[in-house]
Amino acid sequence: MKRVTDCHRRRFLQTFAGATLLPSLRVPLCGQTFLSALHWPTRFAYLGAHDGIHVYSIAGDETFIKLQMMTSAYPVAMAISNWNLYVVNGISEFAGLPRGTAESYGIDAWSGKLTFRNRVPLSLSAISPRGLAVSPDGSAIVVAVHGGGAYNVLPIREDGSLGRVTGILKETGSGPHRLQVSAHPSALVFDSVGRVLGVDQGSDRLNVFTLRNHEIAAICRHKVISGSGPMSIVLHPKEKRFFVAQALNASISSFKYDPSVGSIVDHEQTVAAPVGDGIASLAIHPSGKALYSSHGRGIYAWRIAGNVLVHSSSHVENVQPGALYVTKNAKSLFALTDDSVLRMRIDAFTEMPSAPVKVASLCKPLSVAIV
Amino acid sequence: MAILITPDDVRFADLKRARNGRWPEDRSEEVSTIALCLSAQDTAEVLQRVVSAGQRPTIRSGGHCYEDFYANNPKGTLIDMSMQSQVSALSNNASYRIEAGATLGRTYQELYKLYNVTLPGGTCDSVGIGGHVTGGGYGFVSRLYGTTADWLSGVDILTVDAAGKVTMRSCSAKQDGDLFRACRGAGGGNFGLIVAYTFEKLPPAPQEVMVSNMIFPWAEMSEEKFARIFDAFGGYFATRGQDPDTWGLFGVIEANHKASGYMRVSAQFCNPDGTCKETKVLDEFLALFEGLKPSATVPVGAGNSSSQSFGPHMMTRIPWAETGAAGGARRGLTRGKYKSTCMKKKFTEYEIRTLFKYLTQTRPGVDFSRTLLEVDSYGGAMNRKEMLEETVAFQRSSIMKLQYQTYWSDPAEDEGHTSWMHEFYKEVYSGSDVDAAHQGTPYPGANYEGCYINWCDRDMTEYSYWPELYYGPNYDFLQQVKRKYDPNNVFHHAMSIRP
Ligand SMILES: Cc1cc2nc3c(=O)[nH]c(=O)nc-3n(C[C@H](O)[C@H](O)[C@H](O)COP(=O)(O)OP(=O)(O)OC[C@H]3O[C@@H](n4cnc5c(N)ncnc54)[C@H](O)[C@@H]3O)c2cc1C
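A quick note: this is a predicted structure, and the numbers were derived from the prediction, not measured. (Residues numbered from 1 in each chain as written. Chains lettered and ligands numbered in written order. Predicted model: local features only at pLDDT ≥ 70, side-chain atom pairs only at ≥ 80, totals over all residues. Heavy atoms only, no water.)

A.B. asks: Help me understand the overall build of chain B, please; the structure alone is not making it clear to me.
C.D. replies: Broken down by element type, chain B carries 13 helices and 17 strands. Each principal axis of the C-alpha atoms in chain B carries an extent, and together these give about 65 × 55 × 45 Å. Taking all 499 residues of chain B together, the buried fraction comes to 62%. Within chain B, contacts between residues at least 6 apart in sequence are counted, and of these 72% link residues at least 24 apart. Surface accessibility of chain B: about 18400 Å² in total, with carbon and sulfur atoms responsible for 51%. With 51 positive and 58 negative side-chain charges, chain B shows a separation of 2 Å between the mean positions of the two kinds. (Helix = DSSP H or I, 4+ residues; strand = E, 2+ residues; numbered from the N terminus. Buried < 20%, exposed > 50% of the residue type's maximum accessible area, 1.4 Å probe, protein only. Contact = heavy atoms within 4.5 Å. Areas by Shrake-Rupley, 256 points an atom, 1.4 Å probe, with all protein chains shown as cover. Lys, Arg positive; Asp, Glu negative; His and termini not counted. Charge placed at Lys NZ, Arg CZ, Asp CG, Glu CD.)

Now the structure itself:
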């Protein structure tokens, strides 16, 4: 009996996928996948922090109860797929060689607790990875390697563990800013067909990649404003456009995307975003009508009207989030700050966030995934 | 047009293999393409294509790398330089240009026959110039002439700029001087793809050399005799071996494991004028071992040593031209593990005891009959302090260079050989002479000068300070050069300079 229910819950949860990864202060990151169960009584949050992965059960999006802590080296990005938690460790050395690692954990569907599956090294020189996304068919993860200037593909095996790196794409490129001496892939998302959209903070480039036989190849490259440093990306639910937050010139841009061929058709708009300190994160409302941004200080809301972004008067001051995360049920916007997780209720009608409430205290949270 | 060899080509299975049969370690580490480049132009085009496609290039010239630096490149492209092997003089028999794919054997022959000059070293004919020279390069006449990199005056190298564009640079002391200096000792696969080396001058080829072998069968060996051999050898190079008239003497202890049956001390000698009219220095050296009763014959099956007697000692006179016979590149037949040490002083009692312990040790399932510690003499012209500023080879005070080697064929013995070697090396450098923070390594100081990058050893990266072992005080400089000329770290391997 339990098995049947378990499977049902799995299937139910598998239908959800999203993303957001949360950087700590001064450690810019990007966002990836989360799951949300609309009607399930208990949900679980996985928060990556400097000391490991903290597991919480959450109720009503407001009460976080700590369940477990797993040691993990600098879990900068995480994503959930098929009751597996995938984690990227943003480290620069593993077993004496210059490379980061990725980890797989099994999630117990009823307790939410994690079981460690395996840890695999990224490719040689793939240091300080920062972004992670799971392919829509759950067969592979793709890692954006910020420090090493590369993308890595790792297959997901039947038992949910990760295989060795099967695809490597080495990037080159640079920009005029002092932080742009080389390519720095920092965030990526999958479209529903299984193509990867990636932003490169070092080379001021947006890219579309295909995955074939667990190998990765570029099919579209698009240059953005020189020195802007694209850092975070969200895909509109209809997939006809995507938004990019640029860290180095504190701006947000929208681009027209053709999901049928995987091409970036046009740059639509660039707006200046209030303040900026080298971190930029975005989250999009599931309706596709509101966008939330932060450039390190304050959280700002934007209305998406057709192909135009309109700055709303709604904003949250006095917070310094590293990254933002909207739940699939569209009720909450979470922000990771230097020492806590803040929750903002999203108004069902206006889609604007309320004042933040601290739901968990955690030293330097880096990433989050919710199931 | 480069020749591209892909897995559907019958040559692929052979050409993908490294000389060291351990690499690639796993099928998933194999390259997807081998590009045989026929000219500098070809090479630049292939490199550009590889970089633009987001692939990783690795480079092979002679393929003699001890570790997996070029062979471990999952689905990447291996750029093979072996077809570019011209050795030529640019003008008036001066300014020699040697393409990266030339082997040492071919280079020696051509330099000798066409121009009557030589390179200071190495000893193995099939080693490639491409990887060898940039790592230093030393051999039988290096005490007399210095390292090969010491004589270098120019490097033609393809670098990849920040935007991913391939550029050909001719660097020298006057042009891109920092990159030029870095190429003199940093080792291959770090900053770019070297197409050719230029030497404004090269030393004259000696006219002849004297070679002598002294065999010490293990059957007649005691720990005390073992210690006396090492002490005599080390003591000589720490004292008399420093005098310039001895610099033409290159000595080697081939401390084979007991399982091989014998140890050998050999010497190659010529006077500084390149002749052997007078053999006083060699006689003096050989006399040190007289009391230890060496024989001149190797036990059956262990190579030849047809010696003739000249004066009191057995030695063979060999015309220079016959010291190097071109060899073919054998790939993948033997598996090997190597470690190195540069020594500033003669052996301590503790070191000798530990060497004896491991060279006489047996382990179940591990055949040590092809295991040895090679002790090469060093110093002489290699220790010219003025080269410290011009090259990045910081080992300029050593008297001996040690190379730990073990060979086997059966992959089932991998673990046995590598763990034995690991323990052996660690224990030798865990004596009271090594400070607590650097136990297990020949950290540069009063006794040691670290390790030699051409004898690379990936395992040393387990020590966070491994760059100091290989590059001493020059690592910061090398990192600056790396960031300037290879900002995207296109050229990398397990021990490459970190950006
Ligand atoms: C049997 C044997 C004997 C040896 N004897 C000596 C000796 O007497 N003295 C001594 O000093 N050393 C000696 N060595 C060490 C030798 O010098 C190094 O292994 C050297 O790196 C080999 O150069 P290669 O071109 O043959 O090797 P490869 O394996 O082709 O290259 C070695 C490294 O250099 C890189 N590289 C190769 N070509 C280029 C290029 N064109 N541009 C940039 N990077 C390149 C490779 O990617 C790799 O990282 C010996 C090695 C062996 C196996």
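A.B. asks: I keep staring at the packing of helix 9 (residues 349-359) of chain B against helix 11 (residues 414-428) of chain B and nothing clicks. Help me out?
C.D. replies: For any two helices packed against each other, one specifies the crossing angle of their axes together with the interaxial distance. Residue and element names in this part refer to chain B. Across the interface, helix 9 lies against helix 11 with an axial gap of 9 Å and an inter-helix angle of 165 degrees. With respect to helix 11, the axis of helix 9 lies roughly antiparallel. For the crossing formed where helix 9 meets helix 11, the hand is right-handed. Touching Tyr350, Glu351, Thr354, Leu355, Lys357, Tyr358 and Leu359 of helix 9 are Trp420, Glu423, Phe424, Glu427 and Val428, all from helix 11. (Axes fitted to C-alpha atoms, helices over the stretch in contact; angles between N-to-C directions. Parallel < 35°, antiparallel > 145°, perpendicular 65-115°, else oblique. Left-handed = near helix turned anticlockwise from the far one by under 90°.)

A.B. asks: Honestly, the pairing of strand 8 (residues 166-171) of chain B in this entry has me stumped. Any pointers?
C.D. replies: Across a regular strand the side chains alternate sides, sitting on one face of the sheet and then on the other. Residue and element names in this part refer to chain B. Judged from the six bridges that link them, strand 7 (residues 154-160) and strand 8 form a sheet pairing that is antiparallel. Bridging from a neighbouring strand, Val160 pairs with Val166 of strand 8. Remark: five residues form the turn of the hairpin made by strand 7 and strand 8, two consecutive strands paired antiparallel; Gly164 in that turn has positive phi of roughly 90 degrees. (Pairing = 2+ DSSP bridges.)

A.B. asks: It is not clear to me how the site of the ligand should be interpreted in this structure. Could you clarify?
C.D. replies: Residues and elements named next belong to chain B. Lining the immediate environment of the ligand, one finds 31 residues, of which Ile59, Ser61, His132, Tyr138 and Tyr452 sit closest. Cys65 has a polar backbone atom sitting 2.8 Å from an oxygen atom of the ligand. Here His132 contributes a side-chain N or O atom positioned 2.7 Å from an oxygen atom of the ligand. Burial of the ligand by the protein amounts to 93% of the accessible area it has alone, namely 950 Å². (Near = heavy atom within 4 Å. Polar contact = N/O pair within 3.5 Å; in protein donor to acceptor, adjacent residues only side chain to side chain.)

A.B. asks: Looking at this model, I keep getting lost on the interface of chain B and chain A. Mind explaining?
C.D. replies: Interfaces are often sized by the amount of accessible area the parts lose when they come together. In this complex, chain B contributes 23 residues to the contact, which on the side of chain A involves 19 residues. Between chain B and chain A lies a buried interface of about 1700 Å² when both sides are counted; carbon and sulfur atoms form 52% of it. Broken down residue by residue, the surface that chain B buries against chain A is led by B:Gly54, B:Lys75 and B:Asn488, which jointly contribute 29%. Seen at the junction of chain B and chain A, the total is three salt bridges. As a salt-bridge pair, A:Arg164 and B:Glu29 come within 3.3 Å of each other at their nearest N and O atoms. Each residue belonging to the side of chain B that touches chain A can be placed in one class, and the counts come to eight nonpolar, nine polar and six charged. (Buried area = accessible area lost by both parts, 1.4 Å probe. Salt bridge = Lys/Arg side-chain N within 4 Å of Asp/Glu carboxyl O. Nonpolar A, V, L, I, M, F, W, Y, C, P; charged D, E, K, R; others polar.)

A.B. asks: How should the pairing of strand 14 (residues 205-212) of chain A be read in this particular structure?
C.D. replies: All names here are of chain A. Across the eight residues that make up strand 14, a large majority, six, are buried. In this sheet, strand 15 (residues 215-223) lies alongside strand 14 in antiparallel orientation, the contact comprising eight bridges. Along strand 15, the bridge assignment pairs Phe209 with Ala218. Hairpin connection of strand 14 to strand 15: two residues between the antiparallel strands, including Asn213 at a positive phi of 50 degrees.

A.B. asks: Looking at this structure, how should I read the packing of aromatic side chains?
C.D. replies: What characterises a pair of aromatic rings is the spacing of the ring centres plus the angle enclosed by the ring planes. Residues and elements named next belong to chain B. On inspection of all chains with the given rule, the structure shows 42 aromatic pairs over all chains. Geometrically, the ring pair formed by Tyr429 and Tyr448 is edge-to-face, given 5.1 Å between the ring centres and 90 degrees between the ring planes. With Tyr429 in the loop between helix 11 and helix 12 (466-471) and Tyr448 in the loop between helix 11 and helix 12, this pair connects stretches of sequence that are 19 residues apart. The buried category is assigned to Tyr448, whose relative accessible area is 4%. Three or more aromatic residues joined by ring pairs make a cluster, and in this case those are Tyr358, Phe368, Tyr404, Trp420, Phe424, Tyr425, Tyr429 and Tyr448. The ring centre of Phe477 lies 4.5 Å from the NZ or CZ of Arg181, which sits over that ring. (Phe/Tyr/Trp six-rings, centres within 6.5 Å; stacked < 30°, edge-to-face > 60°. Lys NZ or Arg CZ within 6 Å of the ring centre and 35° of its normal.)

A.B. asks: Got a minute to help me understand the packing of helix 7 (residues 223-238) of chain B against helix 8 (residues 280-287) of chain B in this structure?
C.D. replies: Residues and elements named next belong to chain B. Running from N to C, helix 7 and helix 8 point in directions that differ by 140 degrees, and their axes come no closer than 10 Å. Residue-level inspection shows Phe233, Tyr236 and Phe237 of helix 7 in contact with helix 8, the latter providing Val281, Glu284 and Phe285. Tallied by class, the residues present in the contact of helix 7 with helix 8 amount to five nonpolar, no polar and one charged.

A.B. asks: When you look at the environment of A:Gly322 in this model, what are you seeing that I'm missing?
C.D. replies: All names here are of chain A. Following the sequence through the fold, Gly322 ends up in the loop between strand 23 (308-316) and strand 24 (323-326). Judged by relative accessible area, which is 1%, Gly322 ranks as buried. For the pair Gly322 and Glu62, spaced 260 residues apart in the sequence, the C-alpha separation amounts to 20 Å.

A.B. asks: When you look at a nonpolar patch on the surface in this model, what are you seeing that I'm missing?
C.D. replies: Together, B:Ile3, B:Leu38 and B:Met83 make up an exposed nonpolar region whose accessible area comes to about 250 Å². Look at B:Leu38 and you get partly exposed, because its relative accessible area is 40%. (Patch = residues over 30% accessible without salt bridge, like charges linked within 9 Å, V, L, I, M, F, W, Y side chains within 5 Å.)

A.B. asks: Just to check I follow, could you spell out empty space enclosed by the protein for this structure?
C.D. replies: Rolled over the atoms, a probe sized like a water molecule indicates the empty space that remains. All names here are of chain B. Taken as a whole and assessed by the stated rule, the structure comprises four cavities of 30 Å³ or more. Put simply, the largest cavity is a space of about 120 Å³. For the largest cavity, the lining is made up of 17 residues, of which Gly135, Gly185, Ala393, Gln395 and Tyr452 are closest to its centre. Counting contributing residues, the lining of the largest cavity receives three or more from each of domain 2 (87-204 + 478-485) and domain 3 (208-472). (1 Å grid on protein atoms, 1.4 Å probe; cavity = no way out; pocket = protein on both sides within 12 Å on 5 of 7 lines; lining within 4 Å. Points joined across faces, edges and corners; volume = space filled by probe spheres on them. Domains from an automatic or database assignment.)

A.B. asks: Just checking my understanding: could you explain the pattern of salt bridges for this structure?
C.D. replies: All names here are of chain B. For the coordinates displayed, the defined rule picks out 39 salt bridges over all chains. One salt bridge connects Arg335 with Asp414, and the closest N-O pair in it is separated by 2.8 Å. With Arg335 in strand 15 (residues 335-343) and Asp414 in helix 11, this residue pair connects regions lying 79 residues apart in the sequence. Here Lys337 ties to Asp457 by a salt bridge, and the two come within 2.7 Å at their closest N and O atoms. Placement of the pair is Lys337 in strand 15 and Asp457 in the loop between helix 11 and helix 12, with a sequence separation of 120 residues. Residue classification places Lys337 among the buried positions, given a relative accessible area of 2%. When salt bridges that share partners are traced, they join Glu67, Lys337, Lys339, Asp457 and Asp459 into one network.

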